[in-house]
Amino acid sequence: EAGVVQSPRYKIIEKKQPVAFWCNPISGHNTLYWYRQNLGQGPELLIRYENEEAVDDSQLPKDRFSAERLKGVDSTLKIQPAELGDSAVYLCASSLAGAETQYFGPGTRLLVL
Amino acid sequence: AQSVTQLDSHVSVSEGTPVLLRCNYSSSYSPSLFWYVQHPNKGLQLLLKYTSAATLVKGINGFEAEFKKSETSFHLTKPSAHMSDAAEYFCVVRSARQLTFGSGTQLTVLP
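Numbering of residues starts from 1 in every chain and runs along the sequence as written. Whichever chain is written first becomes A and whichever ligand is written first becomes 1, with later ones labelled in order. Local features in this predicted model are restricted to residues of pLDDT 70 or higher, and side-chain atom pairs are both shown and tallied only at a pLDDT of 80 or more, whereas totals for entire chains, interfaces and linings draw on every residue. Neither water nor hydrogens contribute to the side-chain values; these are computed over all heavy atoms in the structure.

Before going further, it helps to examine the overall build of chain A. A tally of helices and strands in chain A yields 0 helices and 11 strands. Listing each helix as α and each strand as β along chain A from the N terminus yields β-β-β-β-β-β-β-β-β-β-β. Radius of gyration: over C-alpha atoms. The globule rule applied is 2.2 Å multiplied by the number of residues raised to the 0.38 power. Taking 2.2 N^0.38 as the reference for a compact globule, 113 residues should give roughly 13 Å; the C-alpha atoms of chain A span a radius of gyration of 13 Å, in line with that estimate. With the principal axes as the frame, chain A shows a C-alpha extent of 40 × 25 × 25 Å. Expressed as a percentage of the 113 residues in chain A, the buried residues total 46%. The contact criterion used throughout is that any non-hydrogen atoms of two residues lie within 4.5 Å. Of the contacts formed within chain A by residues at least 6 apart in sequence, a portion of 53% connects residues at least 24 apart. Element-wise, carbon and sulfur atoms account for 50% of the exposed surface of chain A, whose accessible area totals about 5600 Å². The charged-residue count follows a simple rule in which Lys and Arg add positive charge and Asp and Glu add negative charge, with His and chain termini not counted at all. Charge placement uses NZ in Lys and CZ in Arg. For Asp and Glu, CG and CD serve respectively. The averaged location of the 14 negative side-chain charges in chain A is 8 Å from the averaged location of its 12 positive side-chain charges. Here a helix means four or more residues in a row that DSSP labels H or I, a strand means two or more in a row labelled E, and each is numbered from the N terminus. Exposed residues in this analysis have more than 50% of their type's maximum accessible area, buried residues have under 20%, and partly exposed residues fall in between, with area computed by a 1.4 Å probe over protein chains only. Areas reported as accessible are Shrake-Rupley estimates using a 1.4 Å probe. Residue values count occlusion only from the protein chains shown.

Next up on the list: the state of the cysteines. As used in these notes, a disulfide is a covalent bond between sulfur atoms, one from each of two cysteines. Two cysteine sulfur atoms make up a disulfide if the distance between them is within 2.5 Å. Scanning the model with the defined rule gives 2 disulfides over all chains in all. Note on cysteine connectivity: C23(A) is disulfide-linked to C92(A), with sulfurs 1.9 Å apart. Judged by the sign of its S-S torsion, about -70 degrees, the bond between C23(A) and C92(A) is left-handed. Separated by 69 residues along the polypeptide, C23(A) in strand β3 (residues 19–24) and C92(A) in strand β9 (residues 88–95) bring together distant segments of the chain. When its relative accessible area of 0% is taken as the criterion, C92(A) is described as buried. Covalently, C23(B) is tied to C91(B) through a disulfide, its sulfur atoms 2.0 Å apart. Since a negative S-S torsion denotes a left-handed disulfide, the C23(B)-C91(B) link at about -65 degrees is left-handed. Taken together, the residues C23(B) in strand β4 (residues 23–26) and C91(B) in strand β10 (residues 87–95) connect sequence positions 68 residues apart. In this structure, C23(B) and C91(B) share a single accessibility class: buried.

A word on the pairing of strand β6 (residues 44–50) of chain B. Looking at chain direction, strand β5 (residues 32–38) of chain B and β6(B) are connected through 6 bridges and run antiparallel. If you follow Q38(B) over to β6(B), its bridge partner there is L44(B). Note on pairing: DSSP must find at least two bridges between two strands before they are called paired.

Turning next to the packing of aromatic side chains. When two rings of Phe, Tyr or Trp (its six-membered ring) have centres within 6.5 Å they constitute a pair, described as stacked for plane angles under 30 degrees, edge-to-face for angles over 60, and tilted for the intermediate range. Applying the stated criterion to the full structure yields 14 aromatic pairs over all chains. Here the aromatic rings of Y35(A) and F101(B) are separated by 5.8 Å at their centres, their planes lie at 80 degrees, and the arrangement is edge-to-face. In this pair, Y35(A) is assigned in strand β4 (residues 31–37) and F101(B) in strand β11 (residues 98–101), connecting two distinct chains. As far as the burial class goes, Y35(A) and F101(B) line up, both buried.

This next bit is on a nonpolar patch on the surface. Patch membership is restricted to residues that have no salt bridge and whose relative accessible area is over 30%. Joining uses 9 Å for like charges and 5 Å for the nonpolar side chains Val, Leu, Ile, Met, Phe, Trp and Tyr. For this analysis, a salt bridge means a side-chain nitrogen from Lys or Arg found within 4 Å of a carboxyl oxygen belonging to Asp or Glu. Residues I12(A), L111(A) and L113(A) make up a contiguous nonpolar surface patch of about 300 Å² in total accessible area. For I12(A), the location among the structural elements is in strand β2 (residues 10–13).

Moving on: the nonpolar core. Formed by 26 residues in total, the largest nonpolar core has its most connected members in W35(B), L48(B), F74(B), L76(B) and Y89(B). It is β10(B) that contributes the most residues to this core, 4 residues altogether. Excluding residues within four positions of it along the chain, F74(B) makes contact with C23(B), L33(B), F34(B), W35(B), L48(B), Y50(B), A65(B), E66(B), F67(B) and C91(B). By nonpolar core we mean a set of buried residues, namely Ala, Val, Leu, Ile, Met, Phe, Trp, Tyr and Cys, connected to one another through side-chain atoms within 4.5 Å. Listed in part, the 21 residues of the second largest apolar core include I47(A), Y49(A), A88(A) and Y90(A).

A common way to express how large an interface is: the accessible area buried when the components associate. With 21 residues of chain A at the contact, the number on the chain B side is 19 residues. Note: buried area is the sum, over both parts, of the accessible area (probe 1.4 Å) each one loses when the two are combined. At the boundary of chain A with chain B, total buried surface from both sides reaches about 1600 Å², with 44% on carbon and sulfur atoms. Broken down residue by residue, the surface that chain A buries against chain B is led by E100(A), T101(A) and F104(A), which jointly contribute 34%. In this structure, E100(A) engages R94(B) in a salt bridge whose closest nitrogen and oxygen atoms are separated by 3.6 Å. For the purposes of these results, a polar contact is taken to be a pair of N or O atoms within 3.5 Å, where, inside protein, one atom must be able to donate a hydrogen and its partner to accept one; residues adjacent in sequence count only when each atom of the pair is a side-chain atom. Where chain A meets chain B, there are 4 residue pairs in polar contact (both at pLDDT 80 or more). Secondary-structure elements contributing two or more residues to the side of chain A that touches chain B are β4 and β5 (44–50) of chain A. Amino acid classes used here: Ala, Val, Leu, Ile, Met, Phe, Trp, Tyr, Cys and Pro are nonpolar; Asp, Glu, Lys and Arg are charged; the rest, including Gly, are polar. Across the side of chain A that touches chain B, the residue classes tally to 7 nonpolar, 8 polar and 6 charged.

Any link to function would need more than the numbers given here.
Right under this line is the structure:
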């Protein structure tokens, strides 16, 4: 069974440019999460989806970040415009509805110059 | 509110010797606790989880952890380290459907 798929794996952009990350969760997983992991720290939740509904986006910087999960399957996280401080690894995870165990993708490593 | 403190940012052991990675937690509710491992350029992998059943939890690759409510601790142990155990380890508390990660412990295994 395929795990959580993320692309791209690496991205280098100049500040003020837009960037988008894509995630395809494990088949059948209703819940999808986006995390940001800064260097030397643990991941921090940005947004959680239950099917296509964003049920927890309190930590998402809404002035420049947006996310969507239009059909309740794959999801896109966007930053526009990117800032130097956005350099981090962006992780996607999924789980069955109500399940405690989350399964993580390999992440997208973003470097903003 | 919930939080996790991993007491050591780096731990170094020799191959074949025991591993101890320390974790203390704080939670307003009865927590579920996890240990995840992250190898370079790979996704986070679940090692083990505690969900209010047995206080001694066995995980993959010979790791285990003991939940001690009186000490609010959930330390990760392994009797004998292997070179392949070198990675970063995260202690995680789950409460109210939200995961809170510790800052991680980098484990180095020396030959």
